[in-house]
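# Descriptive analysis of the structure
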Amino acid sequence: MHMSELTVQELEFLDKVNKVNRKFCKDEQKSLWNVCKGYLNKIFTDNLLDLPETESKPIFLKINGLEPEKKSVNMLF
């Protein structure tokens, strides 16, 4: 699938996803590129914005090439 094959509904959806993605990627053009590439590569589907943040955040990190935040573990011996 190519960008030219997307429906109006898909383009509107990607615009909404891009607005959320700007939290993770401040560069507007790069953000849109990452969103479109992630959608076309099936990293996420049209239910992304319906997912709870705990499920959607790792997807946004992945499409932007960011590592998930590592939880620090304090171990006392």
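Below you will find a few notes about this structure. In this text the structure is predicted, and so the values were computed from the model without any measurement. (Residues numbered from 1 in each chain as written. Predicted model: local features only at pLDDT ≥ 70, side-chain atom pairs only at ≥ 80, totals over all residues. Heavy atoms only, no water.)

## Points about the side chain of Asn64
Topologically, Asn64 is positioned in the segment after helix H3 (53-63). Within the structure, Asn64 has its side chain in polar contact with the side chain of Asn34 (distance 2.8 Å). Contact partners of Asn64, with chain neighbours within four places excluded, come to Asn21, Phe24, Cys25 and Asn34. (Helix = DSSP H or I, 4+ residues; strand = E, 2+ residues; numbered from the N terminus. Polar contact = N/O pair within 3.5 Å; in protein donor to acceptor, adjacent residues only side chain to side chain. Contact = heavy atoms within 4.5 Å.)

## Comments concerning helix H1 (residues 8-21)
Under the 1.5 Å per step criterion, the end-to-end length of H1 is 20 Å for 14 residues, consistent within 8% with the ideal 20 Å. If you check which residues of H1 are buried, you get Glu10, Phe13, Leu14, Val17, Asn18 and Asn21. On an axial view of H1, the arc spanned by its buried residues comes to 145 degrees, and they lie on one face. Those residues of H1 that are exposed and angled more than 90 degrees off the buried face are Val8, Gln9, Lys16 and Lys19. Check the buried side of H1 and you find it contacts helix H2 (28-40) and H3. (Expected span 1.5 Å × (residues − 1). Buried < 20%, exposed > 50% of the residue type's maximum accessible area, 1.4 Å probe, protein only. Arc of directions from axis to C-beta.)

## Brief notes about the environment of Val17
Summarising the element assignment, Val17 is placed in helix H1. Sequence spacing of Val17 and Asp46 is 29 residues, and the spatial spacing of their C-alpha atoms is 9.4 Å. With residues near it in sequence (within four places) discarded, Val17 still touches Val35, Phe44, Leu48, Leu49 and Phe60.

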